[in-house]
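If you want the building blocks of each chain, they are given just below.
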Amino acid sequence: MMPNDETYQLRFQKLTALLAEAPMVHGITKRSEGCSPVDVASEAAVSLLDIGESWGRISGDLMPRLLATDPRGEEFDDALGEIAEEWRHICYHILHTRLFEDVVNPDWK
């Protein structure tokens with residue numbers, strides 16, 4: 001799904017609104033100077049939607065393709081490279097989203 005897709009926008013807006021009310025999000029804003037619950041919530045909403053999309057692509061398209069392909073062939077390498085790219089994208093969001101700071105650095109508090 002693309003960020004300019006209407007369904008994506010509706011999901012983003014709803015998820016942002018829900019996250020902005022979460023105690024965990026408010027705790028983050030207390031520790032982070034100059035950010036509001038909506039700032040943290042919208043950042044997290046984008047990350048969660050993107051992670052979900054990447055995982056859906058890995059599990060729904062790329063893994064079945066990998067399992068149905070000759071491991072010595074170019075198509076296998078292509079699928080493996082696409083899986084690596086999706087994981088890179090997931091890792092980016094985990095590393096750069098305030099909501100996930102405890103996952104990356106549990107001792108930062």
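The structure under discussion appears in the preceding block.
Let me begin by describing the structure that accompanies this report. Note that the coordinates shown come from a computational prediction; the quantities given were computed from them, not determined experimentally.

Here we take up the nonpolar core. Grouped together as the largest cluster of nonpolar side chains are 22 residues, with contacts concentrated most on F12, L19, V25, V40, L66 and L99. Only helix 1 (6-20), helix 2 (23-31), helix 3 (37-67) and helix 4 (74-95) provide two or more residues apiece to this core. Sorting elements by how many residues they give to this core places helix 3 first, with nine residues. Residue contacts for L99: discarding those within four places in its chain leaves M24, V25, I28, E43 and A44.

Running from amino to carboxyl end, helix 2 crosses helix 3 at an angle of 120°, the nearest separation of the two axes being 9 Å. Taken together, helix 2 and helix 3 sit at an angle that is classed as oblique. As for the relative orientation of helix 2 and helix 3, their crossing is right-handed in sense. Across from V25, H26, I28 and T29 in helix 2, the residues of helix 3 making contact are P37, V40 and A41. Of the residues belonging to the contact of helix 2 with helix 3, the class tally is five nonpolar, two polar and no charged.

Residues L95, V103 and V104 make up a contiguous nonpolar surface patch of roughly 290 Å² in combined accessible area. With respect to the helices, strands and loops of the structure, V104 is situated in helix 5 (residues 101-104). Judged by relative accessible area, which is 41%, V104 ranks as partly exposed.

Below, the discussion takes up helix 4. Along its 22 residues, helix 4 runs 31 Å from first to last C-alpha, staying within 8% of the 32 Å computed at 1.5 Å per residue. Where the residues of helix 4 are buried, they touch helix 3.

In this section: a negative patch on the surface. On the surface, a cluster of negative charge is contributed by E74, E75, D77 and D78. Looking at the element boundaries, E74 is found in helix 4. You can call E74 exposed: its relative accessible area is 64%.

Moving on, we get to helix 2. Of the positions making up helix 2, those classed as buried are V25, I28 and T29. Taken around the axis of helix 2, the buried residues stretch over an arc of 100°, which confines them to a single face. The exposed residues of helix 2 that point more than 90 degrees off its buried face are P23, M24 and K30. On its buried face, helix 2 sits against helix 1 and helix 3.

Applying the stated criterion across every chain, the model contains six salt bridges. Between R57 and E82 there is a salt bridge, with its nearest N and O atoms 2.5 Å apart. Remark: E82 occurs in helix 4 and R57 occurs in helix 3; sequence separation between them is 25 residues. Judged by its relative accessible area of 23%, E82 falls in the partly exposed class.

What counts, and at which threshold
Residues numbered from 1 in each chain as written. Predicted model: local features only at pLDDT ≥ 70, side-chain atom pairs only at ≥ 80, totals over all residues. Heavy atoms only, no water. Core = buried A, V, L, I, M, F, W, Y, C linked by side-chain atoms within 4.5 Å. Buried < 20%, exposed > 50% of the residue type's maximum accessible area, 1.4 Å probe, protein only. Helix = DSSP H or I, 4+ residues; strand = E, 2+ residues; numbered from the N terminus. Contact = heavy atoms within 4.5 Å. Axes fitted to C-alpha atoms, helices over the stretch in contact; angles between N-to-C directions. Parallel < 35°, antiparallel > 145°, perpendicular 65-115°, else oblique. Left-handed = near helix turned anticlockwise from the far one by under 90°. Nonpolar A, V, L, I, M, F, W, Y, C, P; charged D, E, K, R; others polar. Patch = residues over 30% accessible without salt bridge, like charges linked within 9 Å, V, L, I, M, F, W, Y side chains within 5 Å. Areas by Shrake-Rupley, 256 points an atom, 1.4 Å probe, with all protein chains shown as cover. Salt bridge = Lys/Arg side-chain N within 4 Å of Asp/Glu carboxyl O. Expected span 1.5 Å × (residues − 1). Lys, Arg positive; Asp, Glu negative; His and termini not counted. Charge placed at Lys NZ, Arg CZ, Asp CG, Glu CD. Arc of directions from axis to C-beta.

Purely geometric numbers; function is a separate question.
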